[in-house]
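Letter by letter, the chains look like this.
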Amino acid sequence: MKRYYLFIALAIFMLVLDQVVKLWVMQAIPRGGSIHGLPLPGFFELTLQYNKGIAFGFLQGQGKLLSPIAIAIAGGTGWYSFKHPKEPVLTHIAMALLAAGALGNLIDRIFRDQVTDMFWFRKINFPVFNVADSCITVATIFLILTWFSVSEQTKKPQPAIAETPTPGTE
């Protein structure tokens with residue numbers, strides 16, 4: 001049960017962090033503007049952009065159609081964490097990050113009709129993203145690592161169990 005509390009606490013924390021960062025950026029930067037003078041000038045910037053689609057701008061104007069999927073992801077991750085308390089801690093962390101990411105962008109789609117993005121790696125022109133997007137990406141990496149770890153553990157030879165002869169069969 002402790003791991004489920006970790007799930008709840010981390011999901012809430014990351015959801016609040018996502019919304020606070022989005023609100024701050026919307027107040028601090030004009031649309032399309034950037035904050036310069038960060039420690040990595042020309043490489044990383046904070047810039048205010050909006051996305052009415054899904055990841056990387058796909059399906060522009062169709063983002064709200066994903067609302068049921070976001071709700072299912074958040075609910076499914078919570079259910080999984082609750083029903084599988086003995087899963088590795090990393091799995092519960094990944095589930096919390098998935099839930100926070102799905103809900104963070106869902107809140108934007110419902111209340112702002114678009115997702116607020118702000119992190120931009122200018123040097124490589126990577127698409128602008130937000131805390132929720134980062135949560136989803138990190139969760140995916142954690143789940144892959146967990147699955148590979150479990151897969152490797154199942155490949156290890158299991159110690160042989162000594163058979164006890166059944167009386168009268170000797």
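Shown above is the structure to which this text applies.
Predicted, not measured: the structure shown is a model, and the values here were computed from it. (Residues numbered from 1 in each chain as written. Predicted model: local features only at pLDDT ≥ 70, side-chain atom pairs only at ≥ 80, totals over all residues. Heavy atoms only, no water.)

Draft legend 1. Looking closely at the packing of helix α2 (residues 67–83) against helix α3 (residues 89–111). Put simply, α2 and α3 touch, their axes get as near as 9 Å, and they point 155° apart. With respect to their mutual orientation, α2 and α3 come out roughly antiparallel. Relative to α3, α2 is oriented so that their crossing is left-handed. Listed contacts from α3 to Ser-67, Ala-70, Ile-71, Ile-73, Ala-74, Thr-77, Tyr-80 and Ser-81 of α2 are Thr-91, His-92, Met-95, Leu-98, Ala-99, Ala-102, Leu-103 and Leu-106. (Axes fitted to C-alpha atoms, helices over the stretch in contact; angles between N-to-C directions. Helix = DSSP H or I, 4+ residues; strand = E, 2+ residues; numbered from the N terminus. Parallel < 35°, antiparallel > 145°, perpendicular 65-115°, else oblique. Left-handed = near helix turned anticlockwise from the far one by under 90°. Contact = heavy atoms within 4.5 Å.)

Draft legend 2. Focus on the pattern of salt bridges. Per the counting criterion, the structure on display carries five salt bridges. Note that Asp-18 and Lys-22 form a salt bridge whose closest N and O atoms lie 2.9 Å from each other. Here Lys-22 and Asp-18 lie together in helix α1 (residues 2–28), a separation of four residues that amounts to about one turn. Exposure class is identical for Asp-18 and Lys-22. Each is buried. A salt bridge links Arg-112 to Asp-108, with the nearest nitrogen and oxygen atoms 2.3 Å apart. By relative accessible area, Asp-108 is classed as buried at 0%. Beyond isolated ion pairs, a larger network of salt bridges with shared partners links Asp-18, Lys-22, Asp-108 and Arg-112. (Salt bridge = Lys/Arg side-chain N within 4 Å of Asp/Glu carboxyl O. Buried < 20%, exposed > 50% of the residue type's maximum accessible area, 1.4 Å probe, protein only.)

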